[in-house]
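Examination of the molecular architecture
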Amino acid sequence: MPLFQKAPATPEEMDRHRPLDLSPEEVSELDEGAWYARAYRGDETPQLTVRAIVMGAALGFVLAFTNLYLGLKIGWHIGVAITACLLSFAIWGSFVRLGVARTPMTILENNCMQSTASAAGFSTGSTMVSAIPALLMLSASAERPGGEHLPWPVLAAWTFFLGPGAWSRCGPTPRARPSRP
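What comes next is a walk through the structure. (Residues numbered from 1 in each chain as written. Predicted model: local features only at pLDDT ≥ 70, side-chain atom pairs only at ≥ 80, totals over all residues. Heavy atoms only, no water.)

Describing the side chain of Arg 51
Mapping Arg 51 onto the fold places it in helix H4 (residues 50-74). For Arg 51, a relative accessible area of 15% gives the class buried. Engagement of the side chain of Arg 51 in a polar contact is seen with the backbone oxygen of Pro 104, the distance being 3.0 Å. Filtering out sequence-adjacent residues up to four positions away, Arg 51 remains in contact with Ala 7, Pro 8, Trp 92, Thr 103, Pro 104, Met 105, Thr 106 and Glu 109. (Helix = DSSP H or I, 4+ residues; strand = E, 2+ residues; numbered from the N terminus. Buried < 20%, exposed > 50% of the residue type's maximum accessible area, 1.4 Å probe, protein only. Polar contact = N/O pair within 3.5 Å; in protein donor to acceptor, adjacent residues only side chain to side chain. Contact = heavy atoms within 4.5 Å.)

So, in structure tokens, the structure goes:
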């Protein structure tokens, strides 16, 4: 399987990757053989596509700055995963209606996009909003009341190298049968 999969380009391809017509209760009642026959889509269902990564990176870039602003202004950071899903659904739906994109993103593509966006968005929330200000406060002393300020290239490198570490965990995952309650 290649690293990036081909996104569905036609309505027929999109129909093969639509959600099942089974309720969660029906899926939980299936035995393993029936689950593979009726629910499992196989490895051909696209998940890690270029359009999912590009959309996730773009939304993560914007949401990282909103996260940073809110975190430094009010001390909280937002959960970018759900925000990215909602924005991606709206933006990609607009692309389809305008004719820029031929098909909507599949569920697994949206999952990959959300993982990419949250990796970028949360890298600022957990570092720039909490760790770096704490370091600044801990380094303040009577001789240096302003504390030790890190140069911006160090902060940029710190944030940049945290992103790929989180992103590397969001690649294609083996599909597993949902656990029974």
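Continuing now.
Some details on the packing of aromatic side chains
Tallying each qualifying case throughout the model produces 3 aromatic pairs. Their ring planes at 75° and their centres at 5.1 Å tell us that Trp 35 and Tyr 36 sit as a pair that is edge-to-face. Summarising the aromatic geometry, the rings of Trp 92 and Phe 95 are spaced 5.4 Å apart at their centres and angled 65° between planes, so their arrangement reads as edge-to-face. A residue pair is termed a helical-turn pair when its members lie 3 or 4 positions apart in one helix, as Trp 92 and Phe 95 do in helix H5 (residues 80-98) at 3 residues. (Phe/Tyr/Trp six-rings, centres within 6.5 Å; stacked < 30°, edge-to-face > 60°.)

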